[in-house]
Amino acid sequence: MRKTATKQSGKIPAQPGPREVASVKPGVPADAESVIPGAGPSTHPGERPTVRLRDAGPDDAPRYAPEWLELREGPDAAARAGDLIDPLRIRLANLPGKAGLVIHDLGCGTGSMGRWLAPRLDGPQHWILHDRDPYLLHFAAVASPRSAADGSRVTVETRRGDVGLLTPDALAGASLVTASALLDVLTREEIGTLATACTGAGCPALLTLSVAGRVELTPSDPLDDEIADAFNAHQRRGGLLGPDAVTAACEAFSERGATVRLHPSAWRLGPAESALTAQWLRGWVGAAVEERPELKEPAERYLRDRLEACRAGELKVVVHHSDLLALSRPTGGAS
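What comes next is a walk through the structure. Computed from a predicted model, the values in this text were never measured in an experiment.

## Let's talk about the pattern of salt bridges
Pairing between side chains of opposite charge can happen when their charged atoms approach one another. Considering all chains together, one arrives at 15 salt bridges under this definition. A salt bridge links Arg237 to Glu291, with the shortest nitrogen-to-oxygen separation between them at 2.7 Å. Placement of Arg237 in the loop between α7 (224–235) and α8 (245–255) and of Glu291 in helix α9 (residues 274–291) is noted, with a sequence separation of 54 residues between them. Residue classification places Glu291 among the partly exposed positions, given a relative accessible area of 26%. As a salt-bridge pair, Arg292 and Glu294 come within 2.9 Å of each other at their nearest N and O atoms. Taken together, the salt bridges that share partners define one network made up of Asp221, Arg301 and Asp305.

## Brief notes about the packing of α7 against α9
Relative to each other, α7 and α9 sit at 75°, their axes nearing to 8 Å. In terms of orientation, α7 lies roughly perpendicular with respect to α9. Of α9, the residues touching α7 (which contributes Asp224, Ile227, Ala228, Ala230, Phe231, Ala233 and His234) are Trp284, Val285, Ala287, Ala288, Glu290 and Glu291.

## Structural notes on the state of the cysteines
Here the structure, examined in full by the defined rule, presents zero disulfides. Unpaired in this structure, Cys198 has its nearest cysteine sulfur neighbour in Cys203, at a distance of 4.7 Å.

## Thoughts on unusual backbone geometry
Omega for the bond connecting Thr218 with Pro219 falls within 30 degrees of zero, at 0°, which places this linkage in the cis form. Topologically, Pro219 is positioned in the loop between β7 (205–218) and α7. One non-glycine residue, Leu209, lies in positive phi territory at about 60°.

## Re the packing of aromatic side chains
Tallying each qualifying case throughout the model produces four aromatic pairs. Ring geometry for Trp68 versus Trp267: centroids 6.5 Å apart, planes at 70°, classification edge-to-face. Residue Trp68 is found in helix α2 (residues 66–79), and its partner Trp267 is found in strand β9 (residues 267–269); the two are separated by 199 residues along the sequence. Each member of the pair, Trp68 together with Trp267, is buried. Each ring, one from Tyr135 and one from Phe139, has its centre 4.6 Å from the other, and the planes form 55°; the classification is tilted. Residue Tyr135 and its partner Phe139 are both found in helix α5 (residues 134–142); the two are separated by four residues, about one turn of the helix. Relative accessible area serves as the criterion here: at 34%, Tyr135 is assigned to the partly exposed category.

## Here's the deal with the packing of α9 against helix α10 (residues 296–311)
Where α9 meets α10, the closest approach of the two axes is 10 Å, and the angle between their N-to-C directions is 175°. The angle between α9 and α10 falls in the class roughly antiparallel. Contacts from Ser274, Thr277, Ala278, Leu281, Arg282, Trp284, Val285 and Val289 of α9 reach α10 at Lys296, Ala299, Tyr302, Leu303, Arg306, Leu307 and Cys310. Partitioned by chemical class, the residues of the contact of α9 with α10 number 10 nonpolar, two polar and three charged.

Thresholds, definitions, all that
- Residues numbered from 1 in each chain as written.
- Predicted model: local features only at pLDDT ≥ 70, side-chain atom pairs only at ≥ 80, totals over all residues.
- Heavy atoms only, no water.
- Salt bridge = Lys/Arg side-chain N within 4 Å of Asp/Glu carboxyl O.
- Helix = DSSP H or I, 4+ residues; strand = E, 2+ residues; numbered from the N terminus.
- Buried < 20%, exposed > 50% of the residue type's maximum accessible area, 1.4 Å probe, protein only.
- Axes fitted to C-alpha atoms, helices over the stretch in contact; angles between N-to-C directions.
- Parallel < 35°, antiparallel > 145°, perpendicular 65-115°, else oblique.
- Contact = heavy atoms within 4.5 Å.
- Disulfide = S-S within 2.5 Å.
- Phe/Tyr/Trp six-rings, centres within 6.5 Å; stacked < 30°, edge-to-face > 60°.
- Nonpolar A, V, L, I, M, F, W, Y, C, P; charged D, E, K, R; others polar.

Quick look at the structure:
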């Protein structure tokens, strides 16, 4: 069986927190004219910048900036479904033969999932961080949490490479698979491959912050729905599932015998999140115009008005996502 990533480093004791990561490279102001890489349409439509899903040259440039990941980390943490943690803890406590947890984080970026989840789980943890970008992998490693909920040690290692072709063998010994904002940039076949790998390895999967295709802006504008529809069409380019991904993942895991739980995990953005909102707006509108060029002129007016409202603290945005917990049947005789 082909394994999908090669080990880049051994166990790394957890190091300082996320603010030290942010200081390596300054953020972009909310009123900057450019879109932070990762916030808008990618150079190659349909490819998530931090996850190498298809064949590409070894020097193919990453397109997620740490600034974008830093901007969204707080709202991501607030949005993730804490209600899924208790059923996950129960399953992890009943996994057979585990002296500690081994957690694979797919498309880890700067490691925000680990910073959110590790302090919510008990016992020693070893996180295996997967990403295509060595720069982000370094960030994730040095900013990993130091300890679990009960004070147990957390360690990490990084793996660079293709995580779109996981196999049960690649997840041998895994206690859990995690990912954020991943499902919506997979094809139906890739979601099936992921579900097969997780269920074949008998490990649960916590897959958070998949786009649901719905956005609410207050105050409303007549162009809101048209921009949203064009953006959703952009998300489906190249056979990717975009807002249809969560339904496809539920079906794929259920067909393979897993019990699936869903929970909403919306971003709720107000004046305190204006920097993220401004970048998200530029990316959201930019993708819509890329999909439907005839929207360019009205979209320019729309974006200008929305950014002015954002700067004035008058704009609120709800970006709907879904979190999915798939509880596969454990291997090794556990119930």
